[in-house]
Amino acid sequence: MITDQLGEMVAAALHKVAAAGLLPADNVPRPFFERPRNRDHGDWATNVALVASKGVGKPRDLAQAIADALEASDLIASVEVAGPGFLNFRLSPSWLHDVVRRAASRTDFGTSDTGNGVRVNVEFVSANPTGPVNVVSGRHAAVGDTIAALLEATGHEVTREYYFNDAGRQMLLFGASVAARYLQHFGIEAEVPENGYKGEDVRVLAQELAEEIGEALVDVDPAERDRRMLELAWPPVLERVQRSLERFGTTFDVWFRESTLHERGEVTGAIETLREKGLIEERDGALWFLSSRFGDDKDRVVIRSNGEPTYIAADLGYLVDKFSRGFDRLIYLWGADHHGTVPRLMAAVEALGFDTPAVEIPLVQIVSLVRGGEQVKASKRHGVSVPLDELVDDVGVDAARYTFLTRSIDAPLEFDIDLVKEQAPENPVYYVQYAHARICSILRKAAEEGYEPEVEVARLERLEHPSEDELMRKLASYEEAVPEAARLRAPQRITRYVEELASTFSGFYRDCKVVSEDRELSQARLVLCLATRSVLAGGLGLLGVGAPDRM
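As the structure is a prediction and not an experimental result, all values here were calculated from the model.

1. Things to note about the overall build of the chain
The number of helices and strands found in the chain is 20 helices and 16 strands. Over its C-alpha atoms, taken along the principal directions, the chain stretches across nearly 90 × 65 × 35 Å. Restricting the contact set of the chain to residue pairs at least 6 apart, pairs at least 24 apart contribute 71%. Carbon and sulfur atoms make up 46% of the accessible area of the chain, which totals about 25,400 Å².

Structure representation (structure tokens):
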């Protein structure tokens, strides 16, 4: 990135200034850069002279000394001291030409190694295997997948993980619900539990199991029947979940079962660790984690008086398990309805002796589907919410993924099905994909006329039109957009970027004829087109969205 190069040059100048006695050798700060709000003030600015002058005084004089000590570079057109001591850098066109050549010739343009191989576990979706993946989980899938891709693009080692609760109360209710439908299949009166699963898909599943095992469980003890039905029911449901997510373009490196934690003794082990620290207390036969000592609003039961572990108990074991696998950072992508659980997990992180900044819990807000101006109601077949597969059948994978990623996860998302299906500029995913397809068409037609973009020899100094300059600068900003989106866990910054890039390319295409009788200029513009196509494809790739050659 250009800021890395500028930083190295300014750092070298600072050491020269310190050697000259104008700055204490032990007070040489690291320079940071930002874009001036006004383009007239240059391309990049740093306040390093203001920072370094504390205790020394005269920041403008120090800024001028730094500017004078800079080595000559063909990247820098000029440096000026502004305001109380800012250094404003204007870059030469050769910087933009270098950006264009790299973007046109490299498939990894925009990636970096800033993550230094830090191992990150990103756990997302993690819905109980009690029914089909719904549209809210679809948003989680798109967001989690893209956060993982952004981390990989910035040099992190990422594991995508799905945690499914196969040992909690909801699973017991699911087993009892299937058992009730199973008995009903044989004409035996039975009721689905009050808070159970009443969708049509549960009835169909029970029918399939009845056809598979016959009446083998009809006369079994009810508790045993519920348990056996659960064992039979969740694997096919989970398999369908996996198929739906794979169809959606989301795959996982690890599928982790909660029951594994209990089988390995990791839950009891974590509780014992807390007990040794004096953080477990027995009250009325139950075991309590003294989480209020670590910022939680109250203490939490980890083992009920009947000996059954609670959800927080499993969370303790899972936390220990993840760190024991060598991860440096854990990201739990949870739904907004889990906001109350965040303090208790963070209390567990601290109580167990882990580094609290190493654990992040972004919360993803809900999704509402709209068609014809009206909110789409829950599926009658599935009873609770609209399945992701139904949405994908309607709008396609690319449109669904892209739309899920257009808003910050902090904000609820209104998914307008009619808009998403439109093949018009008002539809963002269509607009961006069309820009990519248009560039492919331009390059094909140019090849038919005997033009092939020659990246290394193209005379990019011929790109002098304001629209060409704007497009080159937008390409350059991709190297900022990717690490910033990764750092902020903000996939929407990439959707916004590719939309802006598509719009900037449209302005260039409107103002500048790509292929003309001027072969030298045509070559330069074709290389610019090639670079734009590459960056559009790279941005869409991070989002898990296709970049079509034709539309």
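2. Focus: the nonpolar core
Counting residues in each nonpolar core, the largest one holds 141 residues, and the members touching the most others are Leu-6, Ile-66, Phe-174, Val-178, Leu-391, Phe-404 and Phe-415. Of all the elements, helix 20 (residues 519-543) adds the most residues to this core, at twelve residues. Setting aside residues no more than four positions away along its own chain, Phe-174 makes contact with Pro-129, Thr-130, Tyr-197, Val-202, Leu-205, Leu-230, Ala-233, Trp-234 and Val-237. Of all hydrophobic cores here, the second largest spans 34 residues; its members include Val-267, Leu-279, Ile-280 and Trp-334.

3. Things to note about the sheet that holds strand 16 (residues 413-416)
Within the open sheet, the three strands sit side by side as 15-14-16. Their pairing is mixed. The open sheet is flanked by strand 15 (374-375) and strand 16, the only strands paired with a single partner. Pairing between strand 14 (residues 367-371) and strand 15: two bridges, direction antiparallel. Counted as the bridge partner of Val-370 is Gln-375 from strand 15. Each of strand 14 and strand 16 touches helix 14 (residues 397-404); the most contacted strand, strand 16, lies at about 155 degrees to it.

4. Examining the sheet that holds strand 10 (residues 329-332)
Taken together, five strands build an open sheet; the order of strands is 6-5-4-10-12 and the sheet is parallel. Each edge of the open sheet carries a strand with a single partner, namely strand 6 (254-257) and strand 12 (359-360). Bridge count for strand 5 (residues 157-164) against strand 6 is four bridges, and the pairing is parallel. Its bridge partner being in strand 6, Phe-164 is matched across the sheet by Arg-257. Together, strand 4 (119-123), strand 5, strand 6, strand 10 and strand 12 form the strand contacts of helix 11 (residues 311-324), whose direction differs from that of strand 10 by roughly 140 degrees.

5. Digging into the state of the cysteines
Scanning the entire structure with this criterion turns up zero disulfides. Cysteine Cys-512 shares no disulfide, and the gap to the nearest cysteine sulfur, in Cys-529, comes to 9.6 Å.

6. Thoughts on the domain arrangement of the chain
When its domains are assigned, the chain resolves into domain 1 (2-92), domain 2 (168-247) and domain 3 (426-543). With centres defined by C-alpha atoms, the gap from domain 1 to domain 2 works out at 68 Å.

7. A short note on helix 3 (residues 59-69)
Among the residues of helix 3, Leu-62, Ala-63, Ala-65, Ile-66, Ala-67 and Ala-69 are the ones counted as buried. At its buried positions, helix 3 is contacted by helix 1 (2-19), helix 2 (48-52), strand 2 (76-82) and strand 3 (86-91).

8. Topic: the side chain of Ser-522
If you trace the backbone, Ser-522 turns up in helix 20. At 3.5 Å, the side chain of Ser-522 forms a polar contact with the backbone oxygen of Val-514. For Ser-522, the residues in contact, after removing those within four places along its chain, are Tyr-451, Val-514, Val-515 and Ser-516.

9. So, the packing of helix 19 (residues 492-511) against helix 20
The geometry of helix 19 relative to helix 20 is characterised by a closest axis approach of 10 Å and an angle of 160 degrees between their N-to-C directions. One way to sum up the angle between helix 19 and helix 20 is to call them roughly antiparallel. Between helix 19 and helix 20 lies a crossing of left-handed hand. Between helix 19 and helix 20, the contacting residues are Ile-494, Thr-495, Tyr-497, Val-498, Leu-501, Ala-502, Phe-505 and Phe-508 on the first element and Arg-525, Leu-528, Cys-529, Thr-532, Val-535, Leu-536, Gly-539, Leu-540 and Leu-543 on the second.

10. Points about the packing of helix 4 (residues 93-105) against helix 20
As a packed pair, helix 4 and helix 20 sit with axes 7 Å apart at the nearest point and diverge in direction by 60 degrees. Taken together, the axes of helix 4 and helix 20 lie oblique to each other. Between helix 4 and helix 20 the crossing geometry is left-handed. In contact with Val-100, Ala-103 and Ala-104 of helix 4, helix 20 contributes Val-527, Leu-528, Leu-530, Ala-531, Ser-534 and Val-535.

Cut-off values and rules
- Residues numbered from 1 in each chain as written.
- Predicted model: local features only at pLDDT ≥ 70, side-chain atom pairs only at ≥ 80, totals over all residues.
- Heavy atoms only, no water.
- Helix = DSSP H or I, 4+ residues; strand = E, 2+ residues; numbered from the N terminus.
- Contact = heavy atoms within 4.5 Å.
- Areas by Shrake-Rupley, 256 points an atom, 1.4 Å probe, with all protein chains shown as cover.
- Core = buried A, V, L, I, M, F, W, Y, C linked by side-chain atoms within 4.5 Å.
- Buried < 20%, exposed > 50% of the residue type's maximum accessible area, 1.4 Å probe, protein only.
- Pairing = 2+ DSSP bridges.
- Axes fitted to C-alpha atoms, helices over the stretch in contact; angles between N-to-C directions.
- Disulfide = S-S within 2.5 Å.
- Domains from an automatic or database assignment.
- Polar contact = N/O pair within 3.5 Å; in protein donor to acceptor, adjacent residues only side chain to side chain.
- Parallel < 35°, antiparallel > 145°, perpendicular 65-115°, else oblique.
- Left-handed = near helix turned anticlockwise from the far one by under 90°.

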